[in-house]
Amino acid sequence: MANGYKGQKTITLYHVDYLMTINMDVIAEFQSETGKDFMAVGMQALNAYYKSREETSPLARAEMMTNAISMSDAAYLFYIAAKYSNKNVEFGEIQEAILLEGALENTDTVSYPLLFVGLIEFALIGVVDVKKKRLQVSTSDNLKSL
């Protein structure tokens, strides 16, 4: 079971659940393997995601997302994060799952770019405590009424 406070998140790639861990070791290995800055890749992915939400065509949205998030970057991040939690995970297994997951959203699968964004968002923001969030909203509403 994933523990968000330990940097763990479960991601389902083509019907298989993978416990993934995001920490400085994973980020450093991602940067070493890809030669890319983790934060820059993450911001590019998040930007594309928010811009693509305005798009009504699923194909145009998939194109925007895959231009921002390559299969290679997604495979490396998912593999490194999953390997940190389970040494038996193989890179080829993750690559195949990403290929089968695909870039288009449908009823059977999510899409590897959206899963990538979910993991990046978790890495950058961490666990969002729903109770704390509700408290902040109600407090700010009370301040506005003053």
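Heads up: the structure comes first, above all this text.
Turning our attention to the nonpolar core. Ranked by internal contacts, the top residues of the largest apolar core, which has 36 residues, are Leu13, Met20, Ile69, Leu77, Phe78 and Phe116. Contributing elements (two or more residues each) for this core: strand E1 (8-13), strand E2 (16-21), helix H1 (24-34), helix H2 (38-52), helix H3 (58-68), helix H4 (71-85), helix H5 (91-101) and helix H6 (112-125). Looking at this core, the element that brings in the most residues is H4, giving 8 residues. Those residues in contact with Met20 that sit more than four places away from it in its chain are Gly7, Gln8, Lys9, Ile11, Leu13, Phe78, Ala81, Ala82, Ser85 and Leu119.

Attention now goes to the packing of H2 against H6. Where H2 meets H6, the axes come as close as 9 Å, and the angle between the chain directions of the two elements is 125 degrees. For the element pair H2 / H6, the angle class is oblique. Handedness of the H2/H6 crossing: left-handed. Listed contacts from H6 to Phe38, Met39, Val41, Gly42, Met43, Ala45, Leu46, Tyr49 and Tyr50 of H2 are Leu114, Phe116, Val117, Ile120, Glu121, Ala123 and Leu124.

Turning our eyes to something else, we now look at the packing of aromatic side chains. When we look at a pair of aromatic rings, we describe it by the centre distance and by the angle of the planes. Scanning all chains against the criterion turns up 5 aromatic pairs. Both rings, one in Phe30 and one in Phe38, keep their centres 5.8 Å apart while their planes meet at 85 degrees; by these two values the pair is edge-to-face. Across this residue pair, the class does not change: Phe30 and Phe38 are buried. Arranged with centres 5.4 Å apart and planes meeting at 75 degrees, the rings of Tyr79 and Phe91 form a pair that is edge-to-face. In this pair, Tyr79 is assigned in helix H4 and Phe91 in helix H5, connecting sequence segments 12 residues apart. Site record: aromatic cluster; members linked through ring pairs are Tyr76, Tyr79 and Phe91. Lying across the ring of Tyr84, Lys87 places its NZ or CZ 5.9 Å from the centre.

About the criteria used
- Residues numbered from 1 in each chain as written.
- Predicted model: local features only at pLDDT ≥ 70, side-chain atom pairs only at ≥ 80, totals over all residues.
- Heavy atoms only, no water.
- Core = buried A, V, L, I, M, F, W, Y, C linked by side-chain atoms within 4.5 Å.
- Buried < 20%, exposed > 50% of the residue type's maximum accessible area, 1.4 Å probe, protein only.
- Helix = DSSP H or I, 4+ residues; strand = E, 2+ residues; numbered from the N terminus.
- Contact = heavy atoms within 4.5 Å.
- Axes fitted to C-alpha atoms, helices over the stretch in contact; angles between N-to-C directions.
- Parallel < 35°, antiparallel > 145°, perpendicular 65-115°, else oblique.
- Left-handed = near helix turned anticlockwise from the far one by under 90°.
- Phe/Tyr/Trp six-rings, centres within 6.5 Å; stacked < 30°, edge-to-face > 60°.
- Lys NZ or Arg CZ within 6 Å of the ring centre and 35° of its normal.

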